[in-house]
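Spelled out from the first residue to the last, the chains are:
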Amino acid sequence: PVDEASRRPDFLEFRRRLQDAVARRNEVVVLAFVHPNVRVSFGDSGGIQAFRKDVLNSRTEDFWGEFATILRLGGRFRQENAFDAPYTFSTWPSELDSFECLAVIGTRVRVRAAPGLNARILTALDFAIVRALPSDGGVTPGWTRVQLVDGRTGYIASRYVRSPIDHRALFEFQDGRWWLMAYVAGD
């Protein structure tokens with residue numbers, strides 16, 4: 001994991017305040033950090049109204065949990081006044097396909113022979129990158145099938161893996177303050 005936030009104390013404080021607002025699910029405070037022209041997709045949509053409708057009030061996604069994870073997972077400065085989070089997006093190795101691989105976002109994350117807490121443990125990984133595989137048979141909610149570097153396949157609890165093309169947040173310093181400029185997923 002990489003977290004360059006401490007390079008800019010003003011950004012570190014901004015992020016801390018944002019994390020606090022997200023933990024309290026304080027929509028008013030979060031919206032105060034969102035740029036008026038925030039991007040919420042790669043299409044033409046954007047702005048505060050689109051952020052409210054498509055992000056905060058989404059019926060298919062948990063913004064509060066997802067955004068808390070993004071902020072917790074650090075990131076890197078793209079430029080002096082631009083910070084991209086999480087690290088699984090901002091520091092993704094260019095030689096690895098972001099559609100085929102996943103980042104393991106923890107230490108001692110267990111890879112199991114089958115999807116379930118009672119399945120045999122094959123190994124444990126620390127912040128590794130694995131290949132995502134389609135399910136072999138039925139889908140088991142909460143589990144992701146992966147291939148290890150040595151070719152073995154197994155399952156990881158989905159909360160411990162993240163795609164580099166999952167939601168990410170792009171922040172910029174403009175007009176004397178930090179803003180959330182984009183909250184997007186995909187490529």
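The coordinates are above.
Conventions and cut-offs
Residues numbered from 1 in each chain as written. Predicted model: local features only at pLDDT ≥ 70, side-chain atom pairs only at ≥ 80, totals over all residues. Heavy atoms only, no water. Phe/Tyr/Trp six-rings, centres within 6.5 Å; stacked < 30°, edge-to-face > 60°. Helix = DSSP H or I, 4+ residues; strand = E, 2+ residues; numbered from the N terminus. Buried < 20%, exposed > 50% of the residue type's maximum accessible area, 1.4 Å probe, protein only. Lys NZ or Arg CZ within 6 Å of the ring centre and 35° of its normal. Core = buried A, V, L, I, M, F, W, Y, C linked by side-chain atoms within 4.5 Å. Contact = heavy atoms within 4.5 Å. Pairing = 2+ DSSP bridges. Axes fitted to C-alpha atoms, helices over the stretch in contact; angles between N-to-C directions. Parallel < 35°, antiparallel > 145°, perpendicular 65-115°, else oblique. Left-handed = near helix turned anticlockwise from the far one by under 90°. Nonpolar A, V, L, I, M, F, W, Y, C, P; charged D, E, K, R; others polar.

(A) A look at the packing of aromatic side chains. Counted by the stated rule, this structure contains 17 aromatic pairs. Taken together, a centroid distance of 4.8 Å and an interplanar angle of 70 degrees make the contact between Phe-11 and Trp-178 edge-to-face. Residue Phe-11 is found in helix H1 (residues 9-23), and its partner Trp-178 is found in strand S12 (residues 177-184); the two are separated by 167 residues along the sequence. With respect to burial, Phe-11 and Trp-178 carry one shared label: buried. Its guanidinium or amino end placed over the ring of Phe-173, Arg-8 lies 5.0 Å from that ring's centre, counting from NZ or CZ. Over the face of the ring belonging to Trp-179 we find Arg-177, whose NZ or CZ atom lies 3.5 Å from the ring centre.

(B) Looking closely at the nonpolar core. Membership of the largest hydrophobic core comes to 29 residues, with the highest contact counts inside it found for Phe-51, Phe-63, Phe-67, Phe-171 and Leu-180. Elements represented by at least two residues in this core include exactly H1, helix H2 (27-32), strand S1 (34-39), helix H3 (48-56), helix H4 (63-72), strand S3 (82-85), strand S11 (168-174) and S12. In contact with Phe-63, other than residues within four places in its own chain, are Val-30, Phe-51, Val-55, Leu-56 and Tyr-183. Membership of the second largest hydrophobic core comes to 12 residues, among which are Leu-102, Val-111, Ala-128 and Val-130.

(C) Molecular detail of the sheet that holds strand S2 (residues 76-79). If you trace the 5 strands from one edge of the open sheet to the other, you get S1-S12-S11-S3-S2, paired in mixed fashion. The sheet is open, and its two edges are formed by S1 and S2, each paired on a single side. Pairwise comparison of adjacent strand axes, ignoring direction, gives a mean angle of 30 degrees for this sheet. Bridging between S2 and S3 involves 3 bridges; their strand directions are antiparallel. Its bridge partner being in S3, Phe-77 is matched across the sheet by Phe-83. Sheet strands touched by H1: S2, S3, S11 and S12. Its angle to S12, the strand with the most contacts, is close to 60 degrees.

(D) How the structure looks around the packing of H1 against H4. Where H1 contacts H4, the two axes come as close as 10 Å, and the packing angle between them is 155 degrees. Taken together, the axis directions place H1 and H4 in an arrangement best described as roughly antiparallel. For the pair H1 and H4, the crossing hand works out as left-handed. For the pair H1 and H4, contact is made by Arg-15, Leu-18, Gln-19, Ala-21 and Val-22 and by Trp-64, Phe-67, Ala-68, Leu-71 and Arg-72, respectively. Taken together, the residues that form the contact of H1 with H4 break down as 7 nonpolar, 1 polar and 2 charged.

(E) Here's a closer look at unusual backbone geometry. Residue Pro-86 follows Ala-85 across a cis peptide bond; omega there is 0 degrees. Within the secondary structure, Pro-86 is located in the loop between S3 and helix H5 (87-90). The phi dihedral of Arg-108 is positive, around 55 degrees, even though this residue is not glycine. Within the element layout of this structure, Arg-108 appears in the loop between strand S4 (101-104) and strand S5 (109-112).

(F) Summary view of the pairing of strand S7 (residues 129-132). The pairing of S4 with S7 spans 3 bridges and is antiparallel. When the bridges of S7 are listed, Ala-103 appears paired with Ile-129. Relative to strand S8 (residues 143-147), S7 is paired through 2 bridges, and the arrangement is antiparallel. Bridged to Ala-132 within S8 is Val-146.

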